Amino acid sequence: MMDSPAVLLARAHLEAWTNHDLESARGNLAAGVQFHSPAGTLVGIDEYMDAPRGLTQFAKQVVPGSLRVIAAMGDERNALVMYQVDTAGGPIGAKTFPSAQTWLLDENGKIQVERIISYAVPRA
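What counts as what
- Chains are numbered independently. Their residues run from 1 in the order of the written sequence.
- With pLDDT at 70 or above as the cut-off, local features in this predicted model cover only qualifying residues; side-chain atom pairs require 80 or more to be listed or tallied, and sums for whole chains, interfaces and linings still use all residues.
- With hydrogens and water set aside, each side-chain value is computed from the structure's full complement of heavy atoms.
- Each helix is a run of H or I in the DSSP string that is no shorter than four residues. Each strand is a run of E no shorter than two, and both are numbered from the N terminus.
- Residue exposure (1.4 Å probe, protein chains only): buried if accessible area is under 20% of the type maximum, exposed if over 50%, otherwise partly exposed.
- The contact definition used throughout considers only heavy atoms, calling two residues in contact when any of these lie within 4.5 Å.
- Here a polar contact is taken to be a pair of N or O atoms separated by no more than 3.5 Å, where protein atoms must pair a possible hydrogen donor with a possible acceptor and residues adjacent in sequence count only if both atoms sit in side chains.
- Only strands joined by at least two bridges in the DSSP assignment are considered to pair.

Draft legend 1. Representation of unusual backbone geometry in the model. Notably, H20 is not glycine yet its phi reads approximately 65°, a positive angle. Relative to the helices and strands, H20 resides in the loop between α1 (5-18) and α2 (22-27). Of the residues examined, H20 reaches a relative accessible area of 36% and is grouped as partly exposed.

Here it is as C-alpha cells:
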C-alpha cells in the first residue's frame, strides 16, 4: 500500500513542490483538479498553482529538503499521506506544518481531487 500508484504519485508531487520544482508539480495535475482546504477551494490547474492561496505562494516559503513523510497508504487511485514541512521567512515565518492529505487520481493517473488538513506550529 505504501508503494501503490496513488501513493507514489502523491509522494512525487510532495517532493516536487517542497523542493520548488513547480513545473513537475503542475504536470501531476488533471485539467479540472479540485483542491479543498480549510482556507477554501481552488479549481483548475492555474488556480491551484497561481491563486493568492495557491500552491506556488506556499511552496516558495517551504524549506527545500524539509519534507518528512510520517505515514502513507493507498491503492490504484486513492492516497492518504501524513507529512510535515518547515517554512522560513516570508509572511508565514519559521513554522512547521504537520498535514494530512488525500488525493484521488483520475483515469490517466493525474491528481483530480486533493484535500488537506494542516496547522502551523512555531519552530523552536
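Draft legend 2. A look at the environment of Y48. Relative to the assigned elements, Y48 resides in helix α3 (residues 45-50). Under the relative-accessibility criterion, Y48 is labelled buried at 2%. Not counting chain neighbours up to four residues away, the residues in contact with Y48 comprise H13, L29, V33, F35, L42, G54, L55 and E114. Looking at Y48, its side chain comes within polar contact range of the side chain of H13, at 2.8 Å.

Draft legend 3. Geometry of the pairing of strand β3 (residues 68-74). Summarising the sheet, β3 and strand β4 (residues 78-87) pair through 6 bridges and their orientation is antiparallel. Bridged to A71 within β4 is M82. Linkage of β3 to β4, two consecutive antiparallel strands, is achieved through a turn of 3 residues.

Purely spatial values, then, with no claim about function.
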